[in-house]
Protein chains: 2
Amino acid sequence: MANVQEFLNTIENRRTIYNLKPELPEGITVEDIKETVQRITKNGPSAFNSQPNRALILTGTTHKKVWDSVVNAMPTDNAKMRPKACRDEAYGSVIFFVEEKATQKLQSDFAAFAEVFPACAQQSSGAVQIESWAAVEALGLGCNLQHYNPLVRAALPQDVPTSWTVHSQLIFGVKNGEAGAKEFNENPVKIYN
Amino acid sequence: MANVQEFLNTIENRRTIYNLKPELPEGITVEDIKETVQRITKNGPSAFNSQPNRALILTGTTHKKVWDSVVNAMPTDNAKMRPKACRDEAYGSVIFFVEEKATQKLQSDFAAFAEVFPACAQQSSGAVQIESWAAVEALGLGCNLQHYNPLVRAALPQDVPTSWTVHSQLIFGVKNGEAGAKEFNENPVKIYN
């Protein structure tokens, strides 16, 4: 059971870290982050093994350009604060997508279940996003998950397929502070014999 | 990085195991499964910390009754095969839910984003389901994830709140065979600098 406890600890240690520096921890490269996200994306379960998850990583000028575009689209100084922090205080961002063609193929192949497949893709995507978040923090980084989906989509490099829908952005960098307090509901898991 | 590798290994070892015996591995109790699922459910991130995830565990006669009800609702012998295996070859099932009141409250409190919150709950739920699947297999069990959602809902004990929507069923028992071959797409994670 030892590895279960470590797995649960890694899940519990995944917290929202807003206070970041645009650096990587010593000994960690963007290739380590890429390999981590790729293993999780590749192994995420999906309806009929349709494998709808996709991801890419933005760093450097591309990261800055995308987030600058989000800043410029925000209508108020208050609304600009979060994307400005993404642009200026993070080292990079992982963009998570769903390939809509995978869902469309399922809907065509299994028409009787057509209406459930979008939810299947959402659930598969959620697992990949949140497991990646936990794993990248376990590499020693701080992360927060953002959802500026249409604005990010509009600013991405031209070669990202248009059939990929943006689901979230995992903002990462060196931790420059700790997670805030979090309120938990217990929601006990009842056993029925 | 050692614990990241173990985390990724646990994620990669999560596979669909259909061939089960209605037993628990030596040294594992249903309380261990409950604690594992509860820690993951409690710690799942969610939009505005709305914490929509709920879970319960069925074993014994309640598990048999629920799955017998699904078997009886299936129209053909072929369609009855999977729920029969759930009923007869598994030790129990974890039922995953979303509390719809949590989403409705977000939609009321943040009306401008009302249309995105159902997807947020789906993604949060997917992470909790799939992390639980990996963790319960890391306890030494075999599992498969089923989606007989409306039929399971109809057969659940009366005290399960009607505002909880069923998202999936994690079927568990002692492994009586290995996972089948799985085809993987690589879907490389590209880095844009």
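Please refer to the structure higher up on the page.
Keep in mind that this is a model prediction, so the values were computed, not measured.

By a frequent convention, interface size equals the accessible area lost on bringing the separate parts together. With 68 residues of chain B in contact, the opposing surface of chain A contributes 68 residues. Carbon and sulfur atoms supply 55% of the area that chain B and chain A bury against each other, a total of about 6500 Å² over both sides. Area buried by chain B at its contact with chain A is led by Phe7, Val189 and Tyr192 of chain B, which between them contribute 12% of it. The interface formed by chain B and chain A includes 6 salt bridges. Close ionic contact of lysine 190 of chain B with aspartate 159 of chain A constitutes a salt bridge, the shortest N to O distance being 2.5 Å. At the junction of chain B and chain A, the tally comes to 43 residue pairs in polar contact (both at pLDDT 80 or more). At the level of secondary structure, the elements contributing two or more residues to the side of chain B that touches chain A comprise helix H1 (2-12), helix H2 (30-43), strand E2 (53-59), helix H3 (60-73), helix H6 (117-138) and strand E6 (190-192) of chain B. Top element by residues in the side of chain B that touches chain A is H6 of chain B. It accounts for 13 residues. Residue composition of the side of chain B that touches chain A, grouped by class: 29 nonpolar, 24 polar and 15 charged.

Now for helix H4 (residues 77-89) of chain A. Every α-helical turn comprises 3.6 residues, leaving residues that sit three or four positions apart pointing alike. Helix length check: H4 of chain A, at 13 residues, gives a terminal C-alpha distance of 17 Å against a target of 18 Å (1.5 Å per residue), a fit within 8%. Buried residues along H4 of chain A sit against helix H3 (60-73), strand E4 (142-146) and strand E5 (164-175) of chain A.

Least-squares fitting of chain B to chain A yields an RMSD of 0.0 Å, with the transformation described by 0.0 Å of translation along the axis and a rotation of 180°. Here the symmetry operator amounts to a two-fold rotation axis. Of the C-alpha atoms belonging to chain B, the one lying closest to the rotation axis is found on alanine 127 of chain B, 1.8 Å away. Both copies present the same face, since 100% of the interface residues in chain B are matched by interface residues at the equivalent positions in chain A.

Calculation criteria
- Residues numbered from 1 in each chain as written.
- Chains lettered and ligands numbered in written order.
- Predicted model: local features only at pLDDT ≥ 70, side-chain atom pairs only at ≥ 80, totals over all residues.
- Heavy atoms only, no water.
- Contact = heavy atoms within 4.5 Å.
- Buried area = accessible area lost by both parts, 1.4 Å probe.
- Salt bridge = Lys/Arg side-chain N within 4 Å of Asp/Glu carboxyl O.
- Polar contact = N/O pair within 3.5 Å; in protein donor to acceptor, adjacent residues only side chain to side chain.
- Helix = DSSP H or I, 4+ residues; strand = E, 2+ residues; numbered from the N terminus.
- Nonpolar A, V, L, I, M, F, W, Y, C, P; charged D, E, K, R; others polar.
- Expected span 1.5 Å × (residues − 1).
- Least-squares fit on C-alpha atoms with pLDDT ≥ 70 in both.

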